[in-house]
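# Reading the structure
For reference, the chains in residue letters:
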Amino acid sequence: MSGLTRREFVGGIGAFGGLRLFAAAPGSCLGDTPNLRFGVLSDLHIQCVKGDRGCGGGPEIFEHALEYFRDRKVDAVVIAGDMSDLGLGDELVLVGKTWDKVFPNGCAPDGRKVEKVFVTGNHESGTFVNPRNLQHIRKLYNGDDAEVRRQLLRTNFAYWWEQAFHEPYERFYHKNVKGYDFLNAHWDDGTRLEPEMSMEGHTWAFLRERFGYDLKAWLDANKSKLDPRKPFFYQQHRNLWKTTYADWGWNHDKGVATEVLSAFPNAVTFSGDTHFSLTDDRSVWQGAFTAFGTSSLRYSGTPYDSRDLASFENTEARNRHRAKYDPLKTMSSYDALKCWQGMVVSVYDDRMVVERRDFCGDQPLGD
């Protein structure tokens, strides 16, 4: 690594599918064995009971993705939020049970430690529990409002986190995996929410979201310990301000994380929430640092600014106004529900290689 600058490292960041986006410095591709390899997922939307209201489902695809990561001998797995669908403790526990099934005691079959690098999203904080879904949850727990309140993650994140993952809950936490730092920010932990279960309370939760402040405090206290020759990784659910995809995905990030990380060209971020496909070039941003959108493991879609084109009358935007079109001339609606995507990231001394994966067809996504 001697003589390799941060600019040369950033220039060597790997492209999707195993090809580099930009050529590394001549002679700088050193070695074939990665120092670190980890899987990346987001937006699992797991439900504890199949058929619940919402957009989630069972843990089968998650288990399948973990098995793939296990076979690729990863050292860690990143999940960038929305593990549960309705924000229930039983759902988070099911995520943990699925993890334990594939990585019992947090270990691969050969005994290696595999780290959980998980953060929560807006669904864990109950932003999807609108009055209609709350009525459904009450039915799920036989009208027992005390049990409903106990089950809602936002009322006791610490308890449910420890039940699911056997480790203490911290809104912002740090893990070091094989010498590489992972900095992780959960969505709002519920302490700033209004007590009533209403959409108004969730709107206030959005306005109070503070992505980046805990990150800034940690970096201010620890940045001297970071090796500038190595990347470090930061995870939050909401896309970082003015990085990947369209501006609606930045709505609840006030820009603090982007501002803070702009001083660190060796920072690499992973964020979820949008469900947009990894095949879109906008899922990776290389500016002052590097940011990745992570797509989703439950359903995927196209960015809103791509949906209203006359040549794509079967997109979601057109489906809302299908009465305007002659049904004999309009294609049937496309199915975005079987778009289960994730990544494998391999980190070398001088480069990062990012591979996109489709877990529906078990194929790499593009070159």
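Details of the structure are given in the entry above.
Let us look at the structure shown here. All residue numbers refer to positions counted from 1 along the written sequence of the respective chain. Whole-chain, interface and lining totals are the exception, using all residues; otherwise, since this is a predicted model, local features are given only for residues with pLDDT of at least 70 and side-chain atom pairs are given and counted only at 80 or more. With hydrogens and water excluded, all non-hydrogen atoms of the structure serve as input to the side-chain values.

## Observations concerning the sheet that holds strand β7 (residues 267–271)
Quick note on the threshold: By definition, two strands form a pair when at least two bridges between them are found by DSSP. Where helices and strands are cited, they refer to DSSP runs of H or I of at least four residues and of E of at least two residues respectively, numbered from the N terminus. Under this scheme, a helix contributes an axis fitted over its contacting stretch, all axes are lines through C-alpha atoms, and angles between N-to-C directions fall in the 0 to 180 degree range.
The strand order β4-β5-β6-β7-β9-β8 describes an open sheet built from six strands, whose pairing is mixed. Strand pairing shows two members of the sheet lacking a second neighbour, β4 (172–177) and β8 (284–286), which therefore form its edges. Each strand of the sheet is rotated relative to its neighbour by a mean of 15°, with strand direction disregarded. Bridge analysis of β7 against strand β9 (residues 290–293) gives four bridges, and the strand direction is parallel. Bridged to F270 within β9 is F292.

## Describing the nonpolar core
Across soluble globular proteins, you tend to see nonpolar side chains buried next to one another. Under the convention used in this document: Nonpolar cores were defined as sets of buried Ala, Val, Leu, Ile, Met, Phe, Trp, Tyr and Cys residues, with membership established by side-chain atoms within 4.5 Å. Working definition: with a 1.4 Å probe on protein chains only, accessible area under 20% of the residue-type maximum means buried, over 50% means exposed, and in between means partly exposed. Note on contacts: a residue pair qualifies if any of its non-hydrogen atoms lie within 4.5 Å across the two residues.
The biggest cluster of nonpolar side chains holds 33 residues, and the ones touching the most others in it are L41, L44, F62, F69, M83 and L297. When residues of this core are traced back to their parent elements, those giving at least two are α2 (60–71), β2 (76–80), α3 (89–102) and α6 (157–165). In terms of residue count, α2 provides more of this core than any other element does, six residues in total. What F62 contacts, discounting residues up to four positions off in sequence, is L41, L44, I46, I79, V95, T98, W99 and L297. Of all hydrophobic cores here, the second largest spans 22 residues; its members include L36, V78, V345 and V354.

## Describing the packing of α3 against α6
Put simply, the rule is: In what follows, roughly perpendicular refers to angles from 65 to 115 degrees, roughly parallel to angles under 35, roughly antiparallel to angles over 145, and oblique to any angle outside these ranges. The handedness criterion is simple: a crossing whose near helix is rotated anticlockwise from the far helix by less than a right angle is left-handed, and one whose near helix is rotated clockwise is right-handed. In the scheme used here, Gly and all other residues not listed as nonpolar or charged are polar, with Ala, Val, Leu, Ile, Met, Phe, Trp, Tyr, Cys and Pro taken as nonpolar and Asp, Glu, Lys and Arg as charged.
One can describe the packing of α3 onto α6 by two numbers: an axis separation of 7 Å at closest approach and a directional angle of 25°. Viewed along their axes, α3 and α6 adopt a mutual orientation that is roughly parallel. α3 and α6 meet at a crossing whose hand is right-handed. The segment α3 lies against α6, with G89, D90, L92, V93, V95 and G96 engaging W160, W161, Q163, A164 and F165. Residues of the contact of α3 with α6, tallied by class, amount to seven nonpolar, three polar and one charged.

No statement about biological role is implied by the geometric values presented.
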